[in-house]
Amino acid sequence: MTPLNISTPLPIMKGEIRTHLHDPKQLEKLYQTNKASFKQAFGVLYPEIKGDKLADCWYERLNYESNEIYWGSAKELIVVIMASLVAGLIVKLPAFFDIDEDFFYPRNIGFIVFPLLTAYFAWKNRLSALKITFLAAAMIGSLVFINSLPIVEKSDTLILSCIHLPLFLWSMLGFAFVGGNGNNADRRLAFLTYNGDLLVMTTLIVIAGGILSGITIGLFSLIGLDIEQLYIEHVGLMGLAAAPIVATYLTQSNPQLVGKVSPVIARIFSPLVLVMLVIYLVAIVYSGKNPYNDREFLLLFNVLLIGVIAIIFFSIAEAAKTTKSRTEMGILFLLSVITIVVNGIALSAILFRISEWGITPNRAAVLGANVLILLNLLLVAVQLFRVLSNKVTVTAVGKAIAVYLPVYSIWAIIVVFVFPYVFGFR
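Calculation notes
Note on numbering: residues in each chain are counted from 1, in written sequence order. The predicted nature of this model means local features are confined to residues of pLDDT at least 70 and side-chain atom pairs, given and counted, to a pLDDT of 80 or more, with totals for whole chains, interfaces and linings taken over all residues. Calculated side-chain values reflect all of the structure's heavy atoms, with hydrogen atoms and water omitted. Starting at the N terminus, helices and strands are each numbered in turn, a helix being any DSSP run of H or I of at least four residues and a strand any DSSP run of E of at least two. Every radius of gyration here is taken over C-alpha atoms, with the globule rule written as 2.2 Å times N^0.38, N being the number of residues. For every residue, the accessible area obtained with a 1.4 Å probe (protein chains only) is divided by the maximum for its type, and the residue is called buried under 20%, exposed over 50%, and partly exposed between those limits. By definition in these notes, contact holds between two residues if any of their heavy atoms fall within 4.5 Å. Each pair of aromatic rings taken from Phe, Tyr and Trp, with Trp reduced to its six-membered ring, is defined by centres within 6.5 Å and is described as stacked if the planes are under 30 degrees apart, edge-to-face if over 60, and tilted in the remaining cases. Angles shown run from 0 to 180 degrees and are taken between the N-to-C directions of axes, each axis being a line fitted to C-alpha atoms and, for helices, limited to the stretch in contact. Orientation categories follow fixed angle ranges, with anything under 35 degrees roughly parallel, anything over 145 roughly antiparallel, 65 to 115 roughly perpendicular, and all other angles oblique. It is the rotation of the near helix from the far one that decides the hand of a crossing: anticlockwise by less than a right angle makes it left-handed, clockwise makes it right-handed. Charged residues are taken to be Asp, Glu, Lys and Arg, nonpolar residues to be Ala, Val, Leu, Ile, Met, Phe, Trp, Tyr, Cys and Pro, and polar residues to be all remaining types, Gly included. By definition, no residue in a patch forms a salt bridge, and every one has over 30% relative accessible area; like charges are joined within 9 Å, nonpolar side chains (Val, Leu, Ile, Met, Phe, Trp, Tyr) within 5 Å. For every accessible area listed, the method is Shrake-Rupley and the probe measures 1.4 Å; residues are considered covered only by the protein chains on display. The salt bridge criterion pairs a side-chain nitrogen of Lys or Arg with a carboxyl oxygen of Asp or Glu, the two atoms within 4 Å. This count recognises Lys and Arg as positive and Asp and Glu as negative, with His and chain-terminal groups excluded. Here the site of a charge means NZ on Lys, CZ on Arg, CG on Asp, or CD on Glu. Think of a nonpolar core as a cluster: buried Ala, Val, Leu, Ile, Met, Phe, Trp, Tyr and Cys residues, connected wherever their side-chain atoms sit within 4.5 Å. The directions considered for the arc are those from the helix axis to the C-beta atoms. Throughout this description, a polar contact denotes any pair of N or O atoms lying within 3.5 Å of each other; where both atoms belong to protein, one of them has to be capable of donating a hydrogen while the other can accept it, and for residues adjacent in sequence the pair is counted only when both atoms sit in side chains.

Asker: I tried to follow the overall build of the protein chain on my own but got confused; where do I start?
Answerer: Looking only at helices and strands, the protein chain has 19 helices and 0 strands in total. Since a compact globule built from 426 residues should have a radius of gyration of about 22 Å, the 24 Å found for the protein chain is in line with a globular shape. Residues classed as buried in the protein chain amount to 45% of the 426 residues present. A separation of at least 24 residues holds for 79% of the contacts in the protein chain among residues at least 6 apart in sequence.

Next comes the structure, spelled out in structure tokens:
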């Protein structure tokens, strides 16, 4: 059998499946070697082999979706309920212990949910004691570090640490999600997909919770009781803290809930974002605005860049699971190219500002982030071009993203833990 990996071209995988169609053991080995590529190739091949009993069994296995909501075991449900309550209690700590909210929330907002989600996946994946110890040490160490940073008026390094700390905690969540097997590209892509599904499900829960809250407050107002402030400060805040945990539980127990919504969102937004970016770049020329001399504009420019990259990565993570048309892959390629142009503008702007006014913590952070993003985008664009040239499958694009994720984690560690000392806490 030909050795297969994440970059195995679609024709080769199809040939392997066809050759070993009546060899259950070999088929299972192919599937376990590269699940995403196997499913994609099998979907293309199935119309030719439909009617074969073994092929039909594999088709049902790969495409089975239950219409019922699975609530998991009682033990898992208790764990989720307890985690939700703990998240609600953490968000209320300033009220319980008279802690300054301006001190607590900027430094600790990431600790409201990320440690609990990390613990949930560590428990589900049955991580070893050594890996759990590593995660606990990283979480506790970062908690102590961020809260021990001196209170300096207008400290850029403190703000940067607070902004990048959730990214570091997110990487710890990713470590727990992949089961500590950081070399598994499929699991890394699954983690990106989970983040997209989590965003969709959390949004739905928050919307539903908002409707319920509005009805509840309205009903009490009809009988002369104004509970709005009390409700928001207690039930509302605790509900918001618990929403990502409940959403995680639902998406992991019932992937079919948003399994069809997320790809549709990715498919709709990719071309829309592409059109928006092209129009936006043209509008910049006519507006006279430029990121070279306008600090706020440069900041918003980089926020836009991060948002577009998130859409690209999420779309590719979704695309890696199914067969995509050349049109869709072409849109992603064009979106990547346009985003590289946007990144190039942002990078040149920050280099210009550094040459004119010198290095600062903010400029160093933006420069590093832009360089890392540019390199990642170039890798993705090259792989997308190779997909369009029929040299590799879309799973190769997924690998270009998956293998690069730890780089962002390393950068977050540098900004959070090193920048304050390098720049003297200023």
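Asker: Help me understand the packing of aromatic side chains, please; the structure alone is not making it clear to me.
Answerer: Aromatic ring pairs are defined here through the distance separating the ring centres and the angle between the ring planes. Considering all chains together, one arrives at 21 aromatic pairs under this definition. The interplanar angle of 70 degrees and the centroid separation of 5.3 Å between the aromatic rings of Tyr120 and Phe121 together place this pair among those described as edge-to-face. Of the two residues, Tyr120 and Phe121, both sit in the buried class. Here Trp411 and Phe419 contribute two aromatic rings whose centre-to-centre distance is 5.8 Å and whose plane-to-plane angle is 85 degrees, an arrangement assigned as edge-to-face. For Phe419, a relative accessible area of 7% puts it in the buried group. Taken together, Tyr120, Phe121, Trp123, Trp170, Phe177, Phe191 and Tyr194 form an aromatic cluster joined through their ring pairs.

Asker: Is there a simple way to explain the packing of helix H5 (residues 74-91) against helix H12 (residues 228-253) in this structure?
Answerer: The relative placement of two packed helices comes down to the angle between their axes together with the axis-to-axis distance. Two elements in contact, H5 and H12, have axes whose closest approach is 7 Å; the angle formed by their N-to-C orientations is 155 degrees. As far as their axial angle goes, H12 and H5 are roughly antiparallel. Judged by the sense of rotation from one axis to the other, the crossing of H5 with H12 is right-handed. Packed against H5, whose contacting residues are Glu76, Leu77, Val80, Ala83, Ser84, Ala87, Gly88, Leu89 and Val91, the element H12 presents Leu237, Met238, Ala241, Ala242, Ile245, Val246, Tyr249 and Ser253 at the interface. Each residue belonging to the contact of H5 with H12 can be placed in one class, and the counts come to 13 nonpolar, 3 polar and 1 charged.

Asker: I'm lost on unusual backbone geometry in this one. Help?
Answerer: For Asp98, which is not a glycine, the phi torsion comes out positive at approximately 55 degrees. Within the secondary structure layout, Asp98 lies in the loop between helix H6 (93-97) and helix H7 (101-108).

Asker: Explain a negative patch on the surface here, please?
Answerer: A cluster of acidic residues, Asp98, Asp100, Glu101, Asp102 and Glu233, forms a negative patch at the surface. For Glu233, the position within the fold is in helix H12.

Asker: So what exactly am I meant to see when it comes to the nonpolar core here?
Answerer: In a soluble, globular protein the nonpolar side chains are often hidden away together inside. Ranked by internal contacts, the top residues of the largest apolar core, which has 103 residues, are Tyr194, Ile245, Ile316, Val380, Leu384 and Phe419. The biggest single contributor to this core is helix H16 (residues 326-357), with 13 residues. With sequence-adjacent residues up to four places away left out, Phe419 is seen in contact with Thr157, Leu160, Pro361, Ala364, Ala365, Trp411 and Ile414. Within the second largest apolar cluster, 15 residues are counted, among which are Met13, Ala41, Tyr46 and Ile49.

Asker: Would you explain helix H4 (residues 53-63) in this entry?
Answerer: What sets the pattern is the α-helix's 3.6 residues per turn: residues three or four places apart point alike. For H4, the set of buried residues is Ala55, Trp58 and Leu62. Projection of H4 onto a plane perpendicular to its axis shows the buried side chains occupying an angular sector of 60 degrees, all on one side. Exposed side chains of H4 directed beyond 90 degrees from the buried face belong to Lys53 and Cys57. With a side-chain oxygen positioned 3.0 Å from the backbone nitrogen of Leu54, the residue opening H4 is Asp52.

Asker: Help me understand the pattern of salt bridges in this model?
Answerer: Where charged atoms from two side chains of opposite charge come close, those side chains can pair. This model, assessed by the stated rule, comprises 1 salt bridge. Close ionic contact of Lys124 with Glu76 constitutes a salt bridge, the shortest N to O distance being 3.7 Å. With a gap of 48 residues between them, Lys124 in helix H8 (residues 114-124) and Glu76 in helix H5 connect regions that are remote in the sequence. Its relative accessible area of 34% is what places Lys124 among the partly exposed residues. Its relative accessible area of 10% is what places Glu76 among the buried residues.

Asker: Help me understand a nonpolar patch on the surface in this model?
Answerer: On the surface, a cluster of nonpolar side chains totalling about 830 Å² of accessible area is made up of Ile207, Ile211, Ile215, Leu219, Phe220, Leu222, Ile223 and Leu225. Within the element layout of this structure, Ile215 appears in helix H11 (residues 185-222).

Asker: Explain H7 here, please?
Answerer: The set of residues buried in H7 consists of Phe104, Arg107 and Asn108. One side of H7 carries all its buried residues, which in axial view fall inside an arc of 90 degrees. Where H7 is buried, its residues meet H5, H6, helix H9 (129-148) and helix H10 (156-177).

Asker: Hey, could you run me through the side chain of Ser161 in this one?
Answerer: Note on placement: Ser161 falls in helix H10. Setting aside residues up to four positions removed in sequence, Ser161 forms contacts with Ile146, Leu149, Val415, Val416 and Pro420.

Asker: When you look at the packing of helix H2 (residues 24-33) against H4 in this model, what are you seeing that I'm missing?
Answerer: Interaxial distance between H2 and H4 falls to 12 Å at its minimum, and their mutual angle equals 30 degrees. As the angle between them shows, H2 and H4 are arranged roughly parallel. Where H2 crosses over H4, the two elements pack in a sense that is right-handed. When H2 is examined against H4, the residues Pro24, Leu27, Glu28, Tyr31 and Gln32 are found in contact with a partner set consisting of Leu54, Trp58, Arg61 and Leu62. Taken together, the residues of the contact of H2 with H4 sort by class into 6 nonpolar, 1 polar and 2 charged.

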